[in-house]
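Chain by chain, the residues:
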Amino acid sequence: MRSTRIRLPHIVPVLLLAVALLAGCGERAWNNPYADDVDDAGVYYSSFSERPKHLDPARSYSANEWAFISQIYEPPLQYHFLKRPYELVPLVAAAMPEIHRYDGAGRRLPEDAPPEAIAYTDYVIRIREGVRYQPHPAFAREPDASYSYWPLEASALASVRTLSDFPRRSTRELTAADFVYQIKRLAYRANHSPVAGLMAEHIRGFAAFSELVGNAQQERIEAGGAADGWLDLRAFEMTGVVQLDRYRYRIRIDGSYPQFVYWLAMNFFAPMPWEAERFYAQPGMRERNITLHWYPVGTGPYLLAENNPNLRMVLEANPNFRGEPYPGEGAPGDRSAGLLDDAGKRMPFVRRAVYSLEKEAIPRWNKFLQGYYDSSGIASDSFDQAVQFGSGGEPELTAAMRDRDIRLNTAVETSIFYTGFNMLDPVVGGDSERARLLRLAISIAIDMEEYVAIFQNGRGEPAQGPLPPGIFGYRAGVEGVNPYVYRREDGRVRRRGLVEAKALLEQAGYPGGRDPATGAPLVLYYDSAAAGPESKALMDWYRRQFEKLGIELVIRATDYNRFQEKMFKGNAQIYSWGWNADYPDPENFFFLLYGPNGKAEHKGENASNYANPEFDALFDEMKNLANGPRRLEVISRMLEILRRDAPWVWGFYPKAFGLQHAWYHNTKPHLMANNTLKYRRIDAGLRARKRRAWNEPVTWPLYLLGAVLAGSLVPALVGVRRRERRAAR
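Cut-offs and rules
- Residues numbered from 1 in each chain as written.
- Predicted model: local features only at pLDDT ≥ 70, side-chain atom pairs only at ≥ 80, totals over all residues.
- Heavy atoms only, no water.
- Buried < 20%, exposed > 50% of the residue type's maximum accessible area, 1.4 Å probe, protein only.
- Helix = DSSP H or I, 4+ residues; strand = E, 2+ residues; numbered from the N terminus.
- Pairing = 2+ DSSP bridges.
- 1 Å grid on protein atoms, 1.4 Å probe; cavity = no way out; pocket = protein on both sides within 12 Å on 5 of 7 lines; lining within 4 Å.
- Points joined across faces, edges and corners; volume = space filled by probe spheres on them.
- Core = buried A, V, L, I, M, F, W, Y, C linked by side-chain atoms within 4.5 Å.
- Contact = heavy atoms within 4.5 Å.
- Axes fitted to C-alpha atoms, helices over the stretch in contact; angles between N-to-C directions.
- Parallel < 35°, antiparallel > 145°, perpendicular 65-115°, else oblique.
- Left-handed = near helix turned anticlockwise from the far one by under 90°.
- Nonpolar A, V, L, I, M, F, W, Y, C, P; charged D, E, K, R; others polar.

Draft legend 1. Region of interest: the pairing of strand β8 (residues 248–254). Counting buried positions over the seven residues of β8 gives five, a clear majority of the element. Bridge analysis of strand β6 (residues 120–126) against β8 gives seven bridges, and the strand direction is antiparallel. Residue V124 lies in a different strand from β8, and its bridge partner there is R250. As defined by bridge partners, strand β7 (residues 241–245) adjoins β8 across four bridges and the pair is classed as antiparallel. Residue pairing across strands places V242 opposite R250, the latter belonging to β8.

Structure, rendered in structure tokens:
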């Protein structure tokens, strides 16, 4: 029987045909990381590098988590997307809260009542009618109105692995009771809310409620109940949080706390339906990772369609979202920048957002340049490729970036990174003149301009105090200069020189940086959580700053947990840390130096354990004042005290640099809001054309390979042909 085979003469055309097919295999680029059958019109592509751990709004307090849940949950208020300074506006609230102040006898006080006369303040919030939750199994009901998935038998979970394994979904209307329920969840200790301590100081009855439900939980456990089972918080009253009717609720604050309104724009105060918490609390759910930490339930423009933090996270448009108009007004320059082109149009514009896991900066950067990510930050390794500084020091894109029509957005963040002195330390701390002059000498010697240039690629501004730009009380230019560290000369600002720093050091009793007790160089200790070879350059730089004064700096590097423990116990001497604003108010920065917030004694955020009675008294006054001349006067005095005492080397305000492709619109940086995905718009057609142009396959090596293969086969073909002819004869 004769076998069937391809003769050698047929191989050449087959090879050439394969090469031709490869060269023209469709319009999509060969290196496209996304599925071929995906319609990416209205799809936003980005990345994430750190796995989100908590997606429950009662627990979550990390930027990488809020990047997702802020698109899903809706607190009562939000920040206006375009206006600067930052302005609060209603989100799911129908209007801004009604704020009423009362004295100890319950009499209503005027708006300008002095803080000491106010016994309590009521915030009355009316929410929008007709707002509905995303589709979710917790709301599903049977024809007899019973819940489809409550209670669940163990057998019903046998085939369940993810939330999508529950086929039935439904929704219901948002009510004021859902906001009340969420505030109770903040007080419930089992939820480990990071803001519970602060809220207990302000919301009336919060601490008592926490104690009440804690005892109820313990009684349930002692009676044989599960420690992580559902406790219906609706059955317990919190005196300061009351539902007034279906669409109104009231929060009562002890005394006056004007900054509370900013908390109403944070995810902690987003609504939570009791049905969702009850659904997730059922036995067997936690073992399958079906919890609020994994599957959020909100009323916002998006829902979490895929949670696979080892690969990707996907947000999809919430089909029940009511829609929201794009802002019709903004800050000066917004119209000319095209930021009002979509005014009045219904949001969200992006219908799907795909975030791919990228642990390494270089692959992330390359995919952005290929057009597979719509926006990007700039890692240090890629900075010179993307940005250059002009003759005036202003950042601008390199020619390579401009050729691709990539755009640069910059903004000074509402953050500060600083080097602090532990005021409990016997050498650098305390209120003695000796220690104060030592701190000032070090403050001058540590060259923050050099630090920003070397370690931040110029992305930052040296700080003149604790208040960054955008916060009330910050003053730009010469008026805002710290005179203890900088000198004003002919309208310019210069850091004071080493001669002055050494003179201060001598006045402090350390001439030439020598310890008078030993005659040897003064030895100071810098505690850091930065460990490993990548931090060596930074630590060497810090040593050189102190060497300029003749001081020997000893680095005590450790892991972050150990570092935190030392800070809590007040055992560090000099350290570096940072703070990102929770809300745009000076109170949120000054409280980092408020005596009663000392970390060692009170476990607060005052890591330097600084305490100055005059500053503390001014802080108590300032935090209750409305923005105006008196508040500015108080802030100016507070800044003078801090600059003179120098509990911090003021460090720098970081500057955010972001890159966007030309097809990515409405990208104005917002340093307070996190719910900005709904404003973004994608020109998918332009993106597709650019991707094809930037990712054209290089096919000539294939043709060359085909030719080489064909050429190498010619002698063999000739030999075969001769043998066939001889056989035929």
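Draft legend 2. Examining empty space enclosed by the protein more closely. Here the structure, examined in full by the defined rule, presents four cavities of 30 Å³ or more. The space that makes up the largest cavity amounts to roughly 60 Å³. At three residues, strand β25 (residues 648–660) tops the list of elements feeding residues into the lining of the largest cavity. Within this model, the second largest cavity holds a volume of roughly 50 Å³.

Draft legend 3. Structural context of the nonpolar core. In terms of nonpolar packing, the biggest core is built from 130 residues, with F166, I203, F260, W263, F269 and F590 touching the most fellow members. Broken down by element, this core gets its largest block of residues, seven residues, from helix α3 (residues 176–187). Sequence-distant contacts of F269, defined by excluding residues within four places in its chain, comprise P75, P76, F179, I183, L186, M199, I203, F260, W263 and L264. Judged by nonpolar contacts, the second largest core, of 37 residues, contains I444, L505, A508 and Y510.

Draft legend 4. Representation of the sheet that holds β6 in the model. Taking strand neighbours across the sheet as the criterion, the five strands line up as β5-β4-β6-β8-β7 in an open arrangement whose pairing is antiparallel. Here the strands that pair on one side only, and so sit at the sheet edges, are β5 (108–109) and β7. In this fold α3 packs onto β7 and β8, with an angle of close to 175 degrees to the strand it touches most, β7.

Draft legend 5. Looking closely at the packing of helix α11 (residues 433–445) against helix α13 (residues 498–507). Interhelical geometry of α11 versus α13 gives an angle of 160 degrees and a closest axis separation of 8 Å. Looking at the two axes, α11 sits roughly antiparallel to α13. In terms of crossing hand, the pair formed by α11 and α13 is left-handed. Of the residues in α13, those in contact with L437, L438, L440, A441, I444 and A445 of α11 are L498, A501, L504, L505 and Q507. A breakdown of the residues in the contact of α11 with α13 according to their chemical character gives ten nonpolar, one polar and no charged.

Draft legend 6. How the structure looks around the environment of L163. With respect to the helices and strands, L163 occurs in the loop between β6 and α3. For the pair L163 and V634, spaced 471 residues apart in sequence, the C-alpha separation works out to 54 Å. Each residue touching L163, except ones within four places of it in the same chain, is listed here: H136, P137, R169, F279, Y280, I290 and Y295.

Note that every value here comes from positions in space, so none of it alone points to a role or purpose.
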